[in-house]
Structures are given as C-alpha cells and as structure tokens.
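Chain and residue survey
The lines below spell out each chain.
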Amino acid sequence: MSGEIFNPNPTVFRSSAKSHSSRSLSTAKKSLWINEPEWSQPDQETDEEEEAIDQDEIFDLIRNIYDPEHPNTLEELHVVSAPQIDIGENRVKVEFTPTVPHCGMSTLIGLSIRVRLIRSLPTRFKLDIVVKPGSHQSENAVNKQLNDKERVAAALENPALVKTVEDCLTGRV
Amino acid sequence: MDEDLPYTLSNVAQLGGHEDRAWHIAWNPAKSLLASCSADKSVKLFTYSHDGEGTLNFALAASIPTGHLKTVRSVAWSPSGRTLATASFDSNIGIWEQELDDDGNPGEWECASLLEGHETECKSVAYSSTGTLLASCSRDKTVWIWEVQPDSDFECMGVLMEHTQDVKCVAWHPTEEILASGSYDDTIKLYVDDPQDDWFCCATLTGHQSTVWSLSWSPNGKYLASASDDKTVRVWRRNGEYEFKCVLVLEGQERSVYSVSWGVGKSSQENDSSLGCIASAGGDGVVRVWDLSENSSSTADVPLVRLIARLPAAHGVFDINSVVWCPRKGYEDLLATSGDDGMVKVWRIQRT
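Remember, it's a predicted structure, so these values are computed and weren't measured experimentally.

Thresholds applied
- Residues numbered from 1 in each chain as written.
- Chains lettered and ligands numbered in written order.
- Predicted model: local features only at pLDDT ≥ 70, side-chain atom pairs only at ≥ 80, totals over all residues.
- Heavy atoms only, no water.
- Helix = DSSP H or I, 4+ residues; strand = E, 2+ residues; numbered from the N terminus.
- Rg over C-alpha atoms; globule rule 2.2 N^0.38 Å.
- Buried < 20%, exposed > 50% of the residue type's maximum accessible area, 1.4 Å probe, protein only.
- Contact = heavy atoms within 4.5 Å.
- Areas by Shrake-Rupley, 256 points an atom, 1.4 Å probe, with all protein chains shown as cover.
- Lys, Arg positive; Asp, Glu negative; His and termini not counted.
- Charge placed at Lys NZ, Arg CZ, Asp CG, Glu CD.
- Buried area = accessible area lost by both parts, 1.4 Å probe.
- Salt bridge = Lys/Arg side-chain N within 4 Å of Asp/Glu carboxyl O.
- Polar contact = N/O pair within 3.5 Å; in protein donor to acceptor, adjacent residues only side chain to side chain.
- Nonpolar A, V, L, I, M, F, W, Y, C, P; charged D, E, K, R; others polar.
- UniProt positions renumbered as here; feature names shortened; annotations may be inferred.
- Arc of directions from axis to C-beta.
- Pairing = 2+ DSSP bridges.
- Axes fitted to C-alpha atoms, helices over the stretch in contact; angles between N-to-C directions.
- Parallel < 35°, antiparallel > 145°, perpendicular 65-115°, else oblique.
- Left-handed = near helix turned anticlockwise from the far one by under 90°.

Thoughts on the overall build of chain B
Scanning chain B from N- to C-terminus turns up zero helices and 28 strands. Here the C-alpha radius of gyration of chain B, 19 Å, is about what a compact globule of 352 residues would show, namely 20 Å. Reported as C-alpha extents along the three principal axes, the dimensions of chain B are approximately 60 × 55 × 35 Å. Within chain B, the proportion of its 352 residues that are buried is 58%. Counting only contacts in chain B whose residues sit at least 6 apart along the sequence, the fraction spanning at least 24 positions is 49%. Looking at chain B as shown, the accessible area adds up to about 14000 Å², and 44% of this sits on carbon and sulfur atoms. Of the charged side chains in chain B, 28 are positive and 51 negative; the average position of the first set lies 7 Å away from that of the second.

Now the structure itself:
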C-alpha cells in the first residue's frame, strides 16, 4: 500500500441512530470465505427466514466498516447510505460514494463491503458493488474490478490484502 | 416455458467432495474419467461405467492434493488421455501423470513437471489437438505456448503479450495449430506460428462489451463461440484464413456467462448441415443449450439457431463456473457442470 493518502481532510458526518431492524444478521465470522454450517449442506436452503431483507439491514452490515485511511466509518464519511442500496429478487446492489474522485482506496472499500456481505447474507444473494455514477474518474475500471468474480477470489487468497480488509472490517485501521 | 422446448437435461450424477467452489471440469478424451478442480486446491477424478442395466454410474476414483499453494482454476487433458495439466492461482502449471506400480497397474497421480513463469494467477491451460503444444494464460496479460517434449520436458516457444488486460481463457482449434484467447480487455485474439519467426497474433475479434470468460470452437473448426461478462454468447464465423466475423449474439442469460461448450450434438442423425450444440452457463445458474445448423437457403452466412433445452437452478442458487460436453464417441449426449456449491454434476440431453 503506498504511503500517499488520497483524501487527507475528509468530511466527517455524525452517525445516525442505529436502525430499528428487529432481525440481526450475524456479522464477522471466523471463516473467510466458506460459511461452514451452510457448506456442509449445499442443497439446503435453510435460512431461518425467507422474509425479505431490506435496505436498513444491509446498511447495518456495512455502516461500521472503516475507511482504510481514516479512523472513521463509511457511514460517517457518507461513503455508504441506506438509500444507495438496491434490493431485488435474490440480489443486492450497493452503490458507494468515494470521498474524492481520484480515490485509490475505492477498490479496497468495495472489496471490504463485498466481504462483509458475503459473510453475512444467505448464499442465494448475488451481489453487485459499484461506485455512485459520476463519483469516480475511473468509474468503469473500478466497477469492473469489484465485480469480477475471479479477481475477487484471487484477491482474497492474498494474505496481505486479506489483512487490510480485516482491518477495515474490525476498525483496526 | 420449459415444456415448449424439445429437449431436457436430466440429471445423471451429483458428485460432491470439493470443499470449496468447483471452478472447472475436463473429460478425458480417451478414458472414462472426468476431472474437476477447485478452490480447495485439489483435483478430483471420477470414473464412469455402465452397469448391467444400462445406467451410467459415476464414482470418485482419486483425489489429487496437487500441492498448489492456491486455487486450482483450470484442468486440461492431453489428447492421449495420459497427462493432466492444472493451472493455479499460485501462477504455476502442474503436469500430472499416473505412475505404474510394480505390477504395471496404474497407481498414484504424480507431478511430472511444474511449469513456472507466469507472474500472477494462471487462469487457463489447454493442449493442442495433436498434444504437442500446451498453452497457458494469466492475469499478467500474457499467453505462453509450450512445446511438449519427451520425458515431461516443456520448452517455452513463445510469450505473447498482445492483450492489454488479464487473459481469462485459451482454446486450441480442433485440427489446426491456431490458438484463441479471451480477455478482461473484452477482446478475443488468435495466434499462429510463423515457421520463419515466432508465434504472433493474426486476428483480434472485438464486439463483446465486457470480459470474455470462455471460448469453444465448433467441432468442424469453422466457428468459434465466446461467453462474456456482457451476458451474451457470440458466435464467430471463419471467413478467411484469419478473418472472423460475428454472426450470432445469443441472449437471454441474466448474469455473466462464465462458460460455453460446443459439442457435436445429437449427430447420430446424419445431418450434413448440423453444426452441433452450444451449451452455456453462468451467474444466473441456468444451463442453456442451442442447436445450430448451416443456413443453406439464405445468402447470409448466419447459421440457423434455436434454443432446445433450458435447465434453471442446475446448482441451486449457486453460480455455474463451467459447462463441458463429453467429447467421447458414444457419450456425446453427456454434459458436465461445476458450481460454486463445490458440486460437479452430469446431465444427459434427451428428447422431452
């Protein structure tokens, strides 16, 4: 990771009150990729509930991810917000807004969002993570990287990168 | 909707065992073996045979731990069926042969050679039709061509740096020494050997709007099918020596198409204009099969195509990473798929 900080003076917003979602989805699991109990029963779709997941629940999962460069969460920096989450039939699309158009941390932020959601959501959800249109100078290149399944899989086999992602997820930035 | 289609895909086998997503599968062209590889870093070999009552049974024959340090992304058999190549995210290619034990019976699969050179993850590996050449490609944007020599020696014949981004797949022409590669740069490139000089890129096919994930030549070698992140399968017709034109765009897939395979189809009917069947699969979890034939009536060079089978949720909610027709005589109606659920499944196409 280069020593250059892309946005030395981000605008920090106050976090809103925790959403009132009654259902809690599990967060940081130990296993990086495989959700052990689900793995041993690949054909079983035994999510306890088949209720619809809403924007607030997804937002609750990603709001506390830390920005890689600052001791602030993605919510505080207005990088993610509930209205920027689109949910459809077995699919979730998260749009996030980098703090500056030349943000080189965008792929790392996008990857952190993906890892958090993969670990927390039922496997039936297809995830699309994109930057807010117009918010980044290399929008298409960033989006392509973030949604290339093979690149993501290879990235998550890179121990240094995985550690950086974990730091964003746990706040040890 | 599916009831309208003339063929169905019925399940023949569900093969578990991989502990992580199953990326790729390859049918041995000479023996009754199906190989699969996985993010769990292993290769599994399944045998198949008919029992007394005409049912085809599949069973695990061997699990090769490989020793690759990361995901095994792709496997390929040599035309003789005696050698297996593995491509790994650890950037290396493994060459595997089955040792004979003291009684001359086939024993363990051993690593006969390790091909190093790629700088980043290796994505695909393929043997040419004669088995004398091996091609590999990587996120390092290169395609390597290796000459297969006796004693599992491999000599690098060329490093082709024509793509501007990761190279996702390589596929050899069924009869000629022409190599095709598909890339994250949205293009397909074709390469041939200049006897006086080196391997070079003789054509670049543009048209896809996103990454090209998979390539498959038609059995007669006149067409090339490509599967892309843009949710389409394109069919390219060879019009000149190295001149290709896109003649069909197959739509309907709802997410990235990760794999395409062109089989001979139900060519037991002696139909000269039949081009075979294209099977596709990807992120929407659906296997689709199209039947193609030459269009003799029209002046246009566009083949006739119709969707003949559709199998939703072949691996449940999971992505399908690979779909491959069996190349062996007598088994042309078999189709294998591998998915993010770690499963390898075998299907038979039959009349509804």
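Moving on, there is more to tell.
Structural notes on the overall build of chain A
For chain A, the count of helices and strands is six helices and three strands. When its helices and strands are written in sequence order, chain A yields α-α-β-β-α-β-α-α-α. By the burial criterion, 48% of the 173 residues in chain A qualify as buried. When contacts within chain A are restricted to residue pairs at least 6 apart in sequence, those whose partners lie at least 24 apart make up 71%. A total of about 8700 Å² of accessible surface is found on chain A, and carbon and sulfur atoms cover 51% of it.

What to know about the interface of chain B and chain A
In this assembly, 32 residues from chain B lie in contact with 22 residues from chain A. When the area that chain B buries against chain A is broken down by residue, the three leading residues are Tyr-184, Arg-255 and Val-317 of chain B, summing to 27%. Run the count over chain B and chain A and you get 10 salt bridges. A salt bridge links Glu-150 of chain A to Arg-73 of chain B, with the nearest nitrogen and oxygen atoms 2.4 Å apart. Taken together, chain B and chain A are joined by 17 residue pairs in polar contact (both at pLDDT 80 or more). Here the side of chain B that touches chain A is composed, by residue class, of eight nonpolar, eight polar and 16 charged.

Examining the pattern of salt bridges
Counted according to the given criterion, the structure contains 23 salt bridges over all chains. The shortest N-O distance in the salt bridge between Asp-319 of chain B and Lys-126 of chain A comes to 2.5 Å. Taken together, the positions of Asp-319 of chain B in the loop between strand S25 (304-311) and strand S26 (320-325) and Lys-126 of chain A in strand S3 (residues 126-131) put the pair across two chains. The residue Asp-340 of chain B makes a salt bridge to Arg-21 of chain B at a minimum N-O spacing of 2.8 Å. Separated by 319 residues along the polypeptide, Asp-340 of chain B in the loop between strand S27 (334-339) and strand S28 (344-351) and Arg-21 of chain B in the loop between strand S1 (7-15) and strand S2 (22-27) bring together distant segments of the chain.

Focus: the UniProt feature "repeat: WD" (unreviewed entry) in chain B
Residue and element names in this part refer to chain B. Sequence positions flagged by UniProt for "repeat: WD" (unreviewed entry) are, in local numbering, residues 15-46, 65-97, 115-149, 160-191, 205-236, 278-300 and 334-352. Taken end to end, residues 65-97 has its terminal C-alpha atoms 14 Å apart, with 0% of it in helix and 52% in strand. Along residues 160-191 one finds 0% helix and 50% strand; the C-alpha atoms at either end are 9 Å apart.

Thoughts on helix H4 (residues 139-146) of chain A
When H4 of chain A is considered as a whole, its buried residues turn out to be Val-142, Asn-143 and Leu-146 of chain A. Seen from one end, H4 of chain A has its buried residues packed into an arc of 95°, which puts them on one side.

Some details on the UniProt feature "domain: MIP18 family-like" (unreviewed entry) in chain A
Listed under "domain: MIP18 family-like" (unreviewed entry) in the UniProt record, and renumbered for this structure, are residues 56-123 of chain A. For residues 56-123 of chain A, the helix share is 32%, the strand share is 15%, and the end-to-end C-alpha distance is 19 Å.

Observations regarding the sheet that holds S3 of chain A
Residues and elements named next belong to chain A. Ordered in space as S1-S2-S3, the three strands form an open sheet in which the pairing is mixed. Bordering the open sheet on either side are strand S1 (85-88) and S3, each of which pairs with just one other strand. Between one strand axis and the next, the sheet turns by 15° as a mean value, whatever way the strands run. Bridge count for strand S2 (residues 91-96) against S3 is six bridges, and the pairing is parallel. Across the sheet, residue Val-92 finds its bridge partner in S3, namely Leu-127. Across the face of the sheet, helix H3 (residues 106-120) comes into contact with S2 and S3 while running at roughly 155° to S3.

Here we look at the pairing of strand S16 (residues 188-193) of chain B
Residue and element names in this part refer to chain B. Across the six residues of S16, five count as buried, placing the element largely inside the fold. Where strand S15 (residues 179-183) lies against S16, four bridges are found, and the strand directions are antiparallel. Bridge assignment links Gly-182 to a residue of S16, and that residue is Ile-188. Linking two consecutive strands that pair antiparallel, namely S15 and S16, is a turn of four residues; a positive phi of about 75° is found at Asp-186 within it. Across six bridges, the pairing between S16 and strand S17 (residues 199-205) is antiparallel. Bridge pairing links Leu-190 to Ala-203 in S17.

A look at the packing of helix H2 (residues 55-62) of chain A against H3 of chain A
Relative orientation and spacing of two packed helices are given, respectively, by the angle between their axes and the distance between those axes. All names here are of chain A. Look at H2 against H3: their axes get within 9 Å of each other, and the N-to-C directions meet at 120°. By the angle between their directions, the pair H2 and H3 is classed as oblique. Note that H2 runs across H3; the crossing there is right-handed. Contact residues: Ile-58, Leu-61 and Ile-62 in H2; Ile-113, Arg-116, Leu-117 and Ser-120 in H3.

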